[in-house]
Amino acid sequence: AQTVTQSQPEMSVQEAETVTLSCTYDTSESDYYLFWYKQPPSRQMILVIRQEAYKQQNATENRFSVNFQKAAKSFSLKISDSQLGDAAMYFCARDSGNTGKLIFGQGTTLQVKP
Amino acid sequence: KAGVTQTPRYLIKTRGQQVTLSCSPISGHRSVSWYQQTPGQGLQFLFEYFSETQRNKGNFPGRFSGRQFSNSRSEMNVSTLELGDSALYLCASSLQGATGNTIYFGEGSWLTVV
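As the structure is a computational prediction, the values presented were derived from the model and not from experiment. (Residues numbered from 1 in each chain as written. Chains lettered and ligands numbered in written order. Predicted model: local features only at pLDDT ≥ 70, side-chain atom pairs only at ≥ 80, totals over all residues. Heavy atoms only, no water.)

Peer 1: Is there a simple way to think about the overall build of chain A in this case?
Peer 2: On a plain count of helices and strands, chain A comes out with 0 helices and 12 strands. Scanning chain A from its N terminus toward the C terminus, one meets helices and strands in the order β-β-β-β-β-β-β-β-β-β-β-β. In summary, chain A has a C-alpha radius of gyration of 14 Å against a globular reference of 13 Å for 114 residues, a match within 12%. Principal axes of the C-alpha set define a box for chain A whose edges measure 40 × 25 × 20 Å. Counting only residues that meet the buried cut, chain A has 48% of its 114 residues in that class. Carbon and sulfur atoms form 45% of the exposed surface of chain A, whose accessible area is close to 5,500 Å². (Helix = DSSP H or I, 4+ residues; strand = E, 2+ residues; numbered from the N terminus. Rg over C-alpha atoms; globule rule 2.2 N^0.38 Å. Buried < 20%, exposed > 50% of the residue type's maximum accessible area, 1.4 Å probe, protein only. Areas by Shrake-Rupley, 256 points an atom, 1.4 Å probe, with all protein chains shown as cover.)

Have a look at this one:
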């Protein structure tokens, strides 16, 4: 089965510090994309960052960066200088073929302590 | 540019009834997909429509159906509602639903079945 696994149901970080959320996935495809989405209490899914599988360079968006290890099928999200507004549930996802379907992990709830 | 719009945002239905949820994608987007989010099952893919055709379907019973109109707006219908259908239903859109297309989500429709 082609799955996405987030092994950390909950994480906490002190404001201004760095936290890393883990994600592993399974796929038989050679070209695919990986995503991290943030879901705050409003429940709207917000795209945080995305990574194309054939690009070796890790994607970065401001305070958010990924560590993409293709051979290990690992895709972790690093949040630097954590802010209170980063508190949310974070979902790792990968696309599935040439369609609009995403396969999501179970999510990690991130708490940011002041 | 308006985002993905879902209506209604909240609704309460009785077991056995049916419900129709609506989704207007971002202008120019032709792929619309639907997801069910519950605490127990997480985010599960329901189906995807592209150019008025269902292109992909998740593992849900036939009580769950959908359609897409020529203007790319989509509706999903759930018939003979069960208590377990209580969930947040998320709609998402992308340009072509192709690999690499960024997928944008609406705020969701909260369905409670009593």
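Peer 1: Where do I start with the packing of aromatic side chains in this structure?
Peer 2: Two aromatic rings, taken as a pair, are described by how far apart their centres are and by the angle between their planes. Taken as a whole and judged by the stated rule, the model has 14 aromatic pairs over all chains. Ring centres of Phe47(B) and Tyr49(B) lie 5.7 Å apart, and the angle between their planes is 70 degrees; on these two criteria the pair is classed as edge-to-face. One exposure class covers both Phe47(B) and Tyr49(B), and it is buried. Between Phe60(B) and Phe64(B) the ring centres are 5.2 Å apart and the planes differ by 65 degrees, which places this aromatic pair in the edge-to-face class. Of the residues examined, Phe60(B) reaches a relative accessible area of 14% and is grouped as buried. Residue Phe64(B) is classed as buried on the basis of its relative accessible area, which comes to 4%. Each residue in the set Tyr33(A), Phe35(A), Tyr37(A), Phe91(A), Phe104(A), Tyr35(B), Phe45(B) and Phe105(B) is aromatic and connected to the rest through ring pairs, giving one cluster. (Phe/Tyr/Trp six-rings, centres within 6.5 Å; stacked < 30°, edge-to-face > 60°.)

Peer 1: Would you take a moment to explain the pairing of strand β9 (residues 87-94) of chain B for this structure?
Peer 2: Sheet faces and side chains relate simply in a regular strand, where the side chains alternate between the two faces. Residues and elements named next belong to chain B. Within β9, 8 of the 8 residues are buried, which leaves the element mostly enclosed by the surrounding structure. Of the two faces of β9, the one carrying Ala87, Tyr89, Cys91 and Ser93 and the one carrying Leu88, Leu90, Ala92 and Ser94 are both buried. As judged from the 7 bridges shared by strand β4 (residues 31-38) and β9, these two strands associate in the antiparallel manner. Its bridge partner lying in β9, Tyr35 is registered against Leu90. Direction of pairing for β9 relative to strand β11 (residues 109-113): antiparallel, over a ladder of 3 bridges. The residue of β11 that forms the bridge with Leu88 is Trp110. (Pairing = 2+ DSSP bridges.)

Peer 1: Is there a simple way to think about the interface of chain B and chain A in this case?
Peer 2: How big an interface is tends to be stated in terms of the accessible area lost upon association of its parts. On the chain A side, the residues contacting the 23 residues of chain B number 21 residues. The junction of chain B with chain A conceals about 1,900 Å² of combined surface from both sides, 55% of it contributed by carbon and sulfur atoms. Among the residues of chain B in contact with chain A, Leu43(B), Thr99(B) and Phe105(B) are the three that bury the most area, contributing 30% of the side total. Counting every contact that joins chain B to chain A gives 0 salt bridges. (Contact = heavy atoms within 4.5 Å. Buried area = accessible area lost by both parts, 1.4 Å probe. Salt bridge = Lys/Arg side-chain N within 4 Å of Asp/Glu carboxyl O.)

Peer 1: Just to check I follow, could you spell out the environment of Leu110(A) for this structure?
Peer 2: Position of Leu110(A) among the secondary structure elements: in strand β12 (residues 108-113). The spatial distance from the C-alpha of Leu110(A) to the C-alpha of Cys92(A) is 13 Å, given a sequence separation of 18 residues.

Peer 1: Which parts of the structure should I look at to understand the side chain of Asn101(B)?
Peer 2: Residue and element names in this part refer to chain B. Looking at the secondary structure, you find Asn101 in the loop between β9 and β10 (104-105). Looking at Asn101, the relative accessible area reads 17%, which means it is buried. Here Gln96 takes part through its backbone nitrogen, which lies 2.8 Å from a polar atom of the side chain of Asn101. (Polar contact = N/O pair within 3.5 Å; in protein donor to acceptor, adjacent residues only side chain to side chain.)

Peer 1: Just checking my understanding: could you explain unusual backbone geometry for this structure?
Peer 2: Comment: phi is negative for the bulk of residues other than glycine, and the bulk of peptide bonds are trans. The amide bond that connects Thr7(B) to the next residue, Pro8(B), takes the cis arrangement and shows omega of -10 degrees. Note on placement: Pro8(B) falls in the loop between β1 (5-7) and β2 (10-13). Phi at Arg43(A) is positive, roughly 80 degrees, even though this residue is not glycine. If you trace the backbone, Arg43(A) turns up in the loop between β5 (33-39) and β6 (46-52). The class for Arg43(A) is partly exposed, based on a relative accessible area of 27%. Even without being glycine, Glu52(B) reaches a positive phi, approximately 70 degrees. Considering the arrangement of structural elements, one finds Glu52(B) in the loop between β5 (42-50) and β6 (53-57).

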